[in-house]
Amino acid sequence: MAEIHYRYATVEGRRLFYREAGPPDGPVVVLLHGFPSSSFMFRNLIPRLADRWRLIAPDHLGFGHSDAPPVSEFDYTFDALADLTRGLLGQLGVDRYGMYVQDFGAPIGFRLALRDPAAVTAIISQNGNAYEKGMQPGFFEGMRAYWTDQNAETEAGVRRALSLDVTRWQYLTGVADESLVDPDTWEHDFALLSRPGMDLVQLKMALDYRTNVPLYPVVQAYFREYQVPLLAVWGAGDPVFAPDGARAFADDLPKAEIHLLAGGHFLLESALDDVVPLIRTFLTNHR
């Protein structure tokens, strides 16, 4: 059984929590979680990979067990979260790594890749989007309205995403057998979302998400130039990021491995046994 270490590091004055497992001299894989989760989403994946790979799974600032300063004390942006992640990896002596990105983890990970392309050996995208065609209109309609005009009506639309019902919806939509998904997942996430001040943090992140759309062409140019090995393991029933977002990787990375699997936004909860062999083969081939 793999030993998983639960650690903290202080980066730029902020305390970040991270999970770490695997051989210290093994190839590094950085696991970057999405909204509204934390490194908790990798709790079942880590033991399945820790025999060969050194795994580092941080909680982004404002998520999980990391510090969550109020918006009056920290400017929550994807650039800022990428800066903190880069600082953490520097402290840990990591200068070359593969990455696993999901949801919010994708714009954070892709910013890291743009800043230091030579550092990234491979990318696993699990519903981690880089194309406008991957943005489900039904989900992003309200967010686009908020980007355009921040008022009580548009804010209310974004706030719905912070509710228990929508948190549960993200976990269950697209999953054929809902009994495979542990209710502790959405209860865990909702409890953290409900902490005082976290609504304002997530509203700030929702507003800054608009910066990711104009960044997509830059990320796509990075793909074309560097031809980074990429594996897409994508929940085909994801109500947030459509399968076209996975297929689009092939436009810029002809050798990308793309697998649309039965499942939703949090694929690891219902299809872990399908995902793990694909990841292990991919990482073995791209060290």
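Structure first, text after, so check above.
So, here's what we can say about the structure.

Quick notes on the rules
Residues numbered from 1 in each chain as written. Predicted model: local features only at pLDDT ≥ 70, side-chain atom pairs only at ≥ 80, totals over all residues. Heavy atoms only, no water. Salt bridge = Lys/Arg side-chain N within 4 Å of Asp/Glu carboxyl O. Helix = DSSP H or I, 4+ residues; strand = E, 2+ residues; numbered from the N terminus. 1 Å grid on protein atoms, 1.4 Å probe; cavity = no way out; pocket = protein on both sides within 12 Å on 5 of 7 lines; lining within 4 Å. Points joined across faces, edges and corners; volume = space filled by probe spheres on them. Buried < 20%, exposed > 50% of the residue type's maximum accessible area, 1.4 Å probe, protein only. Contact = heavy atoms within 4.5 Å.

1. Observations regarding the pattern of salt bridges
Taken as a whole and assessed by the stated rule, the structure comprises 16 salt bridges. Linking Asp-199 and Arg-159 is a salt bridge whose minimum nitrogen-to-oxygen distance equals 3.0 Å. Residue Asp-199 is found in helix α8 (residues 198-208), and its partner Arg-159 is found in helix α5 (residues 152-159); the two are separated by 40 residues along the sequence. In this structure, a network of salt bridges that share partners links the residues Asp-79, Asp-83, Arg-111 and Arg-115.

2. Some words on empty space enclosed by the protein
By the definition in use, this model includes 3 cavities of 30 Å³ or more. In this model, the largest cavity occupies a volume close to 70 Å³. Forming the walls of the largest cavity are 13 residues, and the residues nearest its centre are Pro-36, Gly-62, Phe-63, Leu-192 and Leu-193. Counting only elements with at least two residues in the lining of the largest cavity, the list comes to α7 (184-193) and α8. At 4 residues, the largest contribution of residues to the lining of the largest cavity is made by α7.

3. Overview of the environment of Pro-196
Counting through the fold element by element, Pro-196 comes out in the loop between α7 and α8. Among the residues examined, Pro-196 registers a relative accessible area of 79% and is labelled exposed. Each C-alpha atom of the pair Pro-196 and Pro-70 lies 9.0 Å from the other, and the pair is 126 residues apart in sequence.

4. Brief notes about the environment of Trp-53
Along the polypeptide, Trp-53 turns up in the loop between α1 (46-49) and β4 (54-58). Since its relative accessible area comes to 1%, Trp-53 is described here as buried. Considering only alpha carbons, one finds Trp-53 and Arg-96, 43 residues apart in sequence, at a separation of 13 Å. With residues up to four places along the chain from it excluded, the contact list for Trp-53 reads Ala-21, Gly-22, Pro-23, Pro-27, Val-29, Arg-280, Leu-283 and Thr-284.

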